[in-house]
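One-letter residues, chain by chain:
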Amino acid sequence: MGQNKEQWGSRWGFIAASIGMAIGTGNIWRFPRVAAKNGGGPFIIAWTVALLVWSIPLLMGEMVIGKKTRLGTVGSFRDFLGKKFTWMGTWIAGVCLLIMFYYSVVMGWCMKYFTLSVAGTFKPGIGTSETEAIWKVFTTSPSQTILFHFIAMLIAGFIIYKGVTNGIEKASKIMIPTLFGLLLIALFRAVTLPGATKGLEYLFSPKLYMLADPKIWLEAFTQSAWSTGAGWGFIITYAVYTKENEDIGGNCMIMGLGNNLGALVAGMTVLPAIFALSPTTEFANEALAAGNQGITFIYLAQLFSKMPAGNILAALFFLTMSIAALSSLLPMIEVGVRNVMDMGMDRKKATKIVVIVGFLLGIPSAYSLNFLDNQDWVWGVGLLVSGLCVATALIKYGLEELRTKEINIPEADFKVGKWWSTCIRLFPVLFVIILGWWVKQAISWYPDNWWHPLETFSVGTIAVQWALLIVFALITQN
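For clarity, every value in this text was computed on a predicted model and none was experimentally measured.

Chemist: Any chance you could explain the overall build of the protein here in plain terms?
Modeler: Across its full length, the protein holds 20 helices and zero strands. A compact globule built from 478 residues would reach a C-alpha radius of gyration of about 23 Å, and the protein, at 21 Å, matches this within 12%. In terms of its C-alpha atoms, the protein occupies a principal-axis envelope of roughly 60 × 50 × 50 Å. Looking at the protein as a whole, 62% of its 478 residues are labelled buried. In the protein, of all internal contacts separated by at least 6 residues, the share reaching a separation of at least 24 is 83%. Counting only carbon and sulfur atoms, one obtains 69% of the accessible surface of the protein, whose full area is about 17,900 Å². Side-chain charges of the protein comprise 35 positive and 26 negative groups, with the mean position of each set lying 4 Å from the other.

Here's what the structure looks like:
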């Protein structure tokens, strides 16, 4: 196993890569929108609770599995639980790679909009009808979307090709401080706009009575599960390269809090900008209801033009989005590469295979927005199952033994109490509640044909695609 010799050069390098993994486009475009939709303050409280009882415990569990087995997701489940559970590791790798295929396309959009901003496309006085037209023309030009998807895979592939220390770690040490720096510049500009306080009030309004609404908790847990990268297999993979005496509890706390800090800064940038620059409150609410792509590429693109030096700010914003997307795309590719390396291939060959396959299988999402939305729906919810696989593995192995022997090692600065074991035990219950809620929502969207596998957001499409991945995982078990 000569190829297992790679290691993080420093603790900061590992933490930077892990925070980069967690801070993706979801923190910048999804968090502000979902927080605003769910009352702001109460949502932030519920989302912080979710971080402590769902995401951080799961990240710790993943780190234990990766550090103990020193293998990618497939091999780690085989060695950690036994051969008949190998399929769980395959499921986790499969979901992660299926997300990678379209996530690279999203990074391509961010880069394209960076070039549009630099070229001065978003001129003062431009309206949403014009920015909507720009978005439509771009997303219906496959030559453009596929080209930028190709560039995204090429950049990320090059970094992974260079290895853990010279590639991922080096890039993360530059990207993460840059990402926070750019977010803080945008934050400063947004909160100094006349009328920006309205956006901050919206984000931090203490409507505590709303905490009685279960929907806010469900949205908060979902946002936390998706945005921290808990259960994605990222940390299992990154933990393969950690040192023996790595402090699991402390590192996972820093990762989770870093992710939430990034999301809060994004929320404090996006919402004040929307409220300050919108002609009316209705317009602001319309922007927030426009979905991830709408809020970013249609409304914000138009609002930047209203600021002095708006093109520079638009360029900075889309550069920030591109870096956030890249820092999350790297671990997705690495999950694939590590699993291929476990089969005995060297890093350079494994990277070429994963990047070429990733580019080819991402083409349908680059070609069709509907296909991309469908994949995002199916595998976004599929991540909940990945989290369940991790929790099941930990419970079967023995939580207290893992906590006392693997997490609370003598070198750990941060000692983890029994709350960790309790949170992991609660996981299956929370999983059933959240998955049930998603299914119920999907049925209400398509009351007549919720079972139809060809509807973009149906229950049927989830069932069929999940079944295919499970069958594949079981067939390849040996």
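Chemist: Just checking my understanding: could you explain the side chain of N259 for this structure?
Modeler: Here N259 lies in helix α12 (residues 248–277). Polar side-chain contacts of N259 include one of 3.4 Å to the side chain of S227. Those residues in contact with N259, other than ones at most four positions away along the chain, are A22, I23, N27, S227 and T228.

Chemist: Mind showing me how you'd approach a nonpolar patch on the surface here?
Modeler: A grouping of I353, I356, V357, L360 and L361 is seen on the molecular surface, where their side chains present a nonpolar patch of about 430 Å² in accessible area. One can find V357 in helix α16 (residues 347–367).

Chemist: I'm lost on the environment of A289 in this one. Help?
Modeler: Along the chain, the position of A289 falls in the loop between α13 (281–288) and α14 (291–304). By relative accessible area, A289 is classed as exposed at 64%. A sequence separation of 34 residues divides A289 from I323, and the C-alpha atoms of the two residues are 25 Å apart.

Chemist: Mind showing me how you'd approach the packing of aromatic side chains here?
Modeler: Using the criterion set out here, one finds 36 aromatic pairs in the structure. Relative to F297, the ring of W135 lies with its centre 4.8 Å away and its plane at 0°, an arrangement referred to as stacked. Of the two residues, W135 sits in helix α6 (residues 128–139) while F297 sits in helix α14, which places them 162 residues apart along the sequence. In this structure, W135 and F297 share a single accessibility class: buried. Seen from the ring of Y161, K348 lies directly overhead, with NZ or CZ sitting 5.0 Å from the centre.

Chemist: Help me understand the pattern of salt bridges, please; the structure alone is not making it clear to me.
Modeler: Note on pairing: side chains with opposite charge can pair once their charged atoms come close. All chains considered together, the criterion is met by 14 salt bridges. Here D413 ties to R11 by a salt bridge, and the two come within 3.5 Å at their closest N and O atoms. Taken together, the residues D413 in the loop between α18 (399–407) and α19 (419–445) and R11 in helix α1 (residues 11–22) connect sequence positions 402 residues apart. Classification of D413 by relative accessible area gives exposed; the value is 63%. For E219, the salt bridge goes to K215, with nearest N and O atoms at 3.6 Å. One end of the pair, E219, and the other, K215, are both in helix α10 (residues 214–227), four residues apart, so they sit about a helical turn from each other. Under the relative-accessibility criterion, K215 is labelled partly exposed at 30%. Salt bridges here are not isolated pairs; linked through shared partners, they connect E6, E334 and R347.

Chemist: It is not clear to me how helix α2 (residues 25–37) should be interpreted in this structure. Could you clarify?
Modeler: Along an α-helix, a turn takes 3.6 residues, which lines up residues three or four apart on a common side. Look at α2: 18 Å from first C-alpha to last across 13 residues, which is about the 18 Å you get at 1.5 Å a residue. Of all the bends in α2, the largest measures some 35° and sits at F31, one to four residues before the proline P32. Counting buried positions along α2 yields eleven of 13 residues, so the element is predominantly enclosed. Every buried residue of α2 is accounted for by T25, N27, I28, W29, R30, F31, P32, R33, V34, A35 and A36. Just downstream of α2 lies G39, where phi reads positive at about 85°.

Chemist: Sorry, what's going on with the environment of L183 here?
Modeler: Tracing the chain through its elements places L183 in helix α8 (residues 164–191). Placed 134 residues apart in sequence, L183 and F317 show a C-alpha to C-alpha distance of 7.7 Å. Discounting residues that sit within four places of it in the chain, L183 has contacts with G262, V265, A266, T269 and T320.

Chemist: Whenever I open this one, a positive patch on the surface confuses me. Can you help?
Modeler: A cluster of like positive charges, contributed by K162, K170, K348, K349 and K352, occupies part of the molecular surface. Relative to the elements of secondary structure, K352 occurs in helix α16. Residue classification places K352 among the partly exposed positions, given a relative accessible area of 49%.

Chemist: Hey, could you run me through α6 in this one?
Modeler: Counted at 1.5 Å a residue, the expected span for α6 with its twelve residues is 16 Å, and the 16 Å between its end C-alpha atoms agrees. Where α6 is buried, its residues touch α5 (86–118), α7 (142–161), α13, α14, α16 and α17 (369–397).

Chemist: How should the side chain of E62 be read in this particular structure?
Modeler: For E62, the position within the fold is in helix α3 (residues 41–69). At 14 Å, R338 is the nearest oppositely charged side chain to E62, a buried residue that forms no salt bridge. Only 3.1 Å separates the side chain of E62 from the backbone nitrogen of G233, close enough to count as a polar contact. Residues within four places of E62 in sequence aside, it is in contact with G229, A230, G231, W232, G233, F234, I235, I236 and V390.

Rules and cut-offs
- Residues numbered from 1 in each chain as written.
- Predicted model: local features only at pLDDT ≥ 70, side-chain atom pairs only at ≥ 80, totals over all residues.
- Heavy atoms only, no water.
- Helix = DSSP H or I, 4+ residues; strand = E, 2+ residues; numbered from the N terminus.
- Rg over C-alpha atoms; globule rule 2.2 N^0.38 Å.
- Buried < 20%, exposed > 50% of the residue type's maximum accessible area, 1.4 Å probe, protein only.
- Contact = heavy atoms within 4.5 Å.
- Areas by Shrake-Rupley, 256 points an atom, 1.4 Å probe, with all protein chains shown as cover.
- Lys, Arg positive; Asp, Glu negative; His and termini not counted.
- Charge placed at Lys NZ, Arg CZ, Asp CG, Glu CD.
- Polar contact = N/O pair within 3.5 Å; in protein donor to acceptor, adjacent residues only side chain to side chain.
- Patch = residues over 30% accessible without salt bridge, like charges linked within 9 Å, V, L, I, M, F, W, Y side chains within 5 Å.
- Salt bridge = Lys/Arg side-chain N within 4 Å of Asp/Glu carboxyl O.
- Phe/Tyr/Trp six-rings, centres within 6.5 Å; stacked < 30°, edge-to-face > 60°.
- Lys NZ or Arg CZ within 6 Å of the ring centre and 35° of its normal.
- Expected span 1.5 Å × (residues − 1).
- Bend = angle between axes of the 7 residues up to and from the residue.

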